[in-house]
Each structure stands twice: as structure tokens, then as C-alpha cells.
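Each chain, written out:
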Amino acid sequence: MESSKEDKARQAEVKRLFRPIEELKRDFAELNVVIETDMQIMVRLINKFNSSSSSLEEKIAALFDLEYYVHQMDNAQDLLSFGGLQVVINGLNSTEPLVKEYAAFVLGAAFSSNPKVQVEAVEGGALQKLLVILATEQPLTAKKKVLFALCSLLRHFPYAQQQFLRLGGLQVLRSLVQEKGTEVLAVRVVTLLYDLVTEKMFAEEEARLTQETSSEKLQQYRRVHLLPSLREQGWCEITAHLLALPEHDAREKVLQTLGALLATCRDHYHQDPQLSRTLASLQAEYQVLAAQELQDGENEGYFWELLGSINSLLKELR
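These numbers come from a predicted model, not from an experiment.

About the cut-offs
- Residues numbered from 1 in each chain as written.
- Predicted model: local features only at pLDDT ≥ 70, side-chain atom pairs only at ≥ 80, totals over all residues.
- Heavy atoms only, no water.
- Helix = DSSP H or I, 4+ residues; strand = E, 2+ residues; numbered from the N terminus.
- Contact = heavy atoms within 4.5 Å.
- Core = buried A, V, L, I, M, F, W, Y, C linked by side-chain atoms within 4.5 Å.
- Buried < 20%, exposed > 50% of the residue type's maximum accessible area, 1.4 Å probe, protein only.
- 1 Å grid on protein atoms, 1.4 Å probe; cavity = no way out; pocket = protein on both sides within 12 Å on 5 of 7 lines; lining within 4 Å.
- Points joined across faces, edges and corners; volume = space filled by probe spheres on them.
- Nonpolar A, V, L, I, M, F, W, Y, C, P; charged D, E, K, R; others polar.
- Phe/Tyr/Trp six-rings, centres within 6.5 Å; stacked < 30°, edge-to-face > 60°.
- Lys NZ or Arg CZ within 6 Å of the ring centre and 35° of its normal.
- Disulfide = S-S within 2.5 Å.
- Salt bridge = Lys/Arg side-chain N within 4 Å of Asp/Glu carboxyl O.

## Thoughts on the side chain of N75
Phase 1 of the analysis: Inspection of the secondary structure assignment puts N75 in helix α5 (residues 73-81).
Phase 2 of the analysis: Apart from residues no more than four positions distant in its own chain, N75 is found in contact with D38, M42, Y69 and V70.

## Re the nonpolar core
Phase 1 of the analysis: Membership of the largest hydrophobic core comes to 92 residues, with the highest contact counts inside it found for L150 and L173.
Phase 2 of the analysis: Here the element with the most residues in this core is helix α7 (residues 97-111); it accounts for 10 residues.
Phase 3 of the analysis: Apart from residues lying up to four places away in sequence, L150 is in contact with L127, L130, L131, L134, F164 and L173.

## Here's the deal with unusual backbone geometry
Phase 1 of the analysis: The backbone of H156 sits at a positive phi, close to 60°, despite the residue not being glycine.
Phase 2 of the analysis: Take H156: it is sitting in the loop between α10 (140-154) and α11 (158-166).
Phase 3 of the analysis: Phi angles above zero are rare outside glycine, and E300 is one such case at about 50°.
Phase 4 of the analysis: If you trace the backbone, E300 turns up in the loop between α19 (273-295) and α20 (302-316).
Phase 5 of the analysis: Using a relative accessible area of 53% as the deciding quantity, one classes E300 as exposed.

## Some remarks on helix α9 (residues 126-135)
Since one α-helical turn is 3.6 residues long, residues separated by three or four positions face the same way.
Phase 1 of the analysis: Of all 10 residues in α9, seven are buried; the element is thus mostly enclosed.
Phase 2 of the analysis: Among the structural elements, α6 (84-90), α7, α8 (115-123), α10, α11 and α12 (169-177) are those in contact with the buried residues of α9.

## Describing the layout of surface pockets
Phase 1 of the analysis: Volume-wise, the largest pocket comes out at about 220 Å³.
Phase 2 of the analysis: Every residue lining the largest pocket is listed: H156, E199, F202, A203, E206, A207, T210, E212, S215, K217, L218 and Y221.
Phase 3 of the analysis: Elements represented by at least two residues in the lining of the largest pocket include exactly α13 (183-210) and α14 (216-222).
Phase 4 of the analysis: If you tally residues by element for the lining of the largest pocket, the top one is α13, at six residues.
Phase 5 of the analysis: In terms of residue class, the lining of the largest pocket is built from five nonpolar, three polar and four charged.
Phase 6 of the analysis: Put simply, the second largest pocket is a space of about 170 Å³.
Phase 7 of the analysis: Taken together, V177, Q178, E179, K180, G181, T182, E183, A186, I238, H241, L242 and L245 form the lining of the second largest pocket.
Phase 8 of the analysis: Of all the elements in the fold, those that place two or more residues in the lining of the second largest pocket are α13 and α16 (235-241).
Phase 9 of the analysis: When grouped by side-chain class, the residues that make up the lining of the second largest pocket number five nonpolar, four polar and three charged.

## Observations concerning the packing of aromatic side chains
Geometry of an aromatic ring pair is reported as the spacing of the ring centres plus the angle between the planes.
Phase 1 of the analysis: On inspection of all chains with the given rule, the structure shows seven aromatic pairs.
Phase 2 of the analysis: Centroid distance F64 to Y102: 6.4 Å. Interplanar angle 55°. Geometry classified as tilted. Pair noted here: F64 is in helix α4 (residues 56-70) and Y102 is in helix α7, with a separation of 38 residues, a long-range link.
Phase 3 of the analysis: A relative accessible area of 18% places Y102 in the buried class.
Phase 4 of the analysis: On the numbers, 5.1 Å between centres and 85° between planes, the contact of Y68 with Y69 is edge-to-face.
Phase 5 of the analysis: By relative accessible area, which is 59% here, Y68 ends up exposed.
Phase 6 of the analysis: Here Y69 falls in the buried class, since its relative accessible area comes to 18%.
Phase 7 of the analysis: Members of the aromatic cluster, joined through ring pairs, are F64, Y102 and F105.
Phase 8 of the analysis: Looking at K59, its charged tip hangs above the ring of F49, at a distance of 5.6 Å from the centre.

## Description of the state of the cysteines
Phase 1 of the analysis: Inspection of every chain in the model, using the stated rule, returns one disulfide.
Phase 2 of the analysis: At a sulfur-sulfur separation of 2.0 Å, the disulfide partner of C236 is C265. Taking the sign of the S-S torsion, about -70° here, the bridge from C236 to C265 comes out left-handed. Residue C236 is found in helix α16, and its partner C265 is found in helix α18 (residues 262-270); the two are separated by 29 residues along the sequence.
Phase 3 of the analysis: Of all cysteine sulfurs in the structure, the one in C265 sits closest to C151, which takes part in no disulfide; the separation is 19 Å.

## Notes on the pattern of salt bridges
Opposite charge on two side chains permits pairing when their charged atoms draw close.
Phase 1 of the analysis: Taken as a whole and assessed by the stated rule, the structure comprises 11 salt bridges.
Phase 2 of the analysis: Ionic pairing is found between K48 and E58, a salt bridge with its closest N-O pair at 3.9 Å. A residue pair is termed long-range when its members are at least 10 positions apart, and K48 in helix α3 (residues 38-50) and E58 in helix α4 qualify at 10 residues.
Phase 3 of the analysis: On the basis of relative accessible area, K48 is assigned to the partly exposed category, the value being 38%.
Phase 4 of the analysis: The exposure class assigned to E58 is partly exposed, which follows from its relative accessible area of 34%.
Phase 5 of the analysis: Of the charged contacts, one joins K143 and E179 as a salt bridge, the two residues approaching to 3.5 Å between their closest N and O atoms.

In short, the description is geometric, and any link to function would need to be established separately.
Set out below in C-alpha cells:
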């Protein structure tokens, strides 16, 4: 009797696990309906974000999911082709800080190394909108994402860099790094300036080596008067004072930027007693740390490299 009960229970379990083929076919048919292309998914997410009936949580979720897709260059260009990019750019005007933050998050991913999208974004007013957010009272988390989007838009795109200078972008960044509690942003700003200065130098160097001095891109870089603007607007001093930040990584970024600005800022550095004191103090600190590194069997380690940067700056400023 027991055995028959067990058999019945086993049969019921088997039936439950191995469902009729018609049922399986129906399930697969339903599954096929939800297998969407990336383009269809992005259209659906943009519609969800743009719908007046979507809640704030739904809009943020749509942007969060969209960011995953636009990392791929083709997807970012598709976003552009059906008008989705402009919808996200317009999201920067939202009165909700979270919408601004996540719209910038999507844009930063879409702009990254994607010239076609960068061009359309500048034409669509993205640069002005990003600068307005950085220049106004916003949560730090929103400003972080907006600064990320700005960096993605400016890198390797001299036309955007020209517009950035014309729109007073350096003044906006200067105010940003001088606010209390924005040290994390200050390091990112200094890194951006380093990237822009060296990018232009590399473009000139490449043109010299290949003897292609008439390329359109080089002509665009030559219209970006970044170094004179940095000098005029006090970035020699601002960068030097950021060397007082306590984190090694922050100091490393500031040191490399000081090096890149050396030819432009040399006289400012010479006349800045605080910079000399900070460099001397850091030299003593990193001599100890580099010696410790050496004892631990690490030749030419991280601290040794930082010490090298400090020593070469001190030598230049003697």
C-alpha cells in the first residue's frame, strides 16, 4: 500500500517536472515575445523615462538600465538615431536632482570615445546644461556624475573644448574646486585639465612626426587656447594649493598636472612660498616611504615614482 502511495507521489512529481509539450510550446512562444533587440529595449526605456505617467522611481530605473546599453558604441549611436539622446539631454533640465544625476550617468557612458554622439550632444545643448548644473546648488552625487559626463564630452573633441572655454567652463570649474567639501571633485577636475593639456601636446607632437600639419583635427586643437586661459584664470595657484590634499592618489594627480603646467606657470610657482614648503615636506615624507618600499623588496615602487616627480619639480624650480 505504501509503495503504491509512493508511486503515485513520484508520478505526480514527474508530471509536475515534465509538462506536456503543448504547455512547453506555449511558454516558449511567450518567451520569444520578450526577446527584444537592444534597439527595442532602448526605445522602451526612453518611452518609460519620457512618460508623464511614470513615477520618479520608474524614470530612474529606466535611466539606470539604459546606461548599461549605451556603453556599446553602436547602441549609443542608435540612441541618437531615434531621438533618445536628446530626450536624455533634456533630462538635465529636470527639477529632480536624481533625474539630473542619472541622465548625466547615461550621457557620460554614451559620449565616451564616440565622436558622432559627442558632436550631436554639443549641437543639442548638452555642454551648456552640464555647466549650469555644476555652477548651481546641487547634491555632490549629482555633480560627480555631471562632471563625469563633461569629461567624456570634452576628451578627444577639440571643438567641444573650444565651446567649453567660450562658455566660461574654466570659471565654473574654478568655483567648483573652491567650494568646501568638494575635494573629490577637485582631483577629477585637475585630472581633466591634465588630460586636455597633454592631449593637445600629443596632437602637435604627432603632427610634427608625421609632418601632417594641415589636418582638420590639429587645426581645431590649435583653436583651443587652453594654457593661456588656465594661467589667466588662476589655475597655476589653484593646482599648486591642491597639493596639500592628504591622499597619495590625489597628490599623484596634482603632481602630474603641475608638471604639465610647468612651462606656463613657472614664474607663478617660483613666487609661491607655500608650494616650495609643501614640496619640501612631501619630499621628506616620500623619502621615508620609498625607503620602506625598498626594504620590502619593491624596486622603483609607487612611492619611489612619486618621490621622483617631486624631485624633478623641485629641480625645475631652483
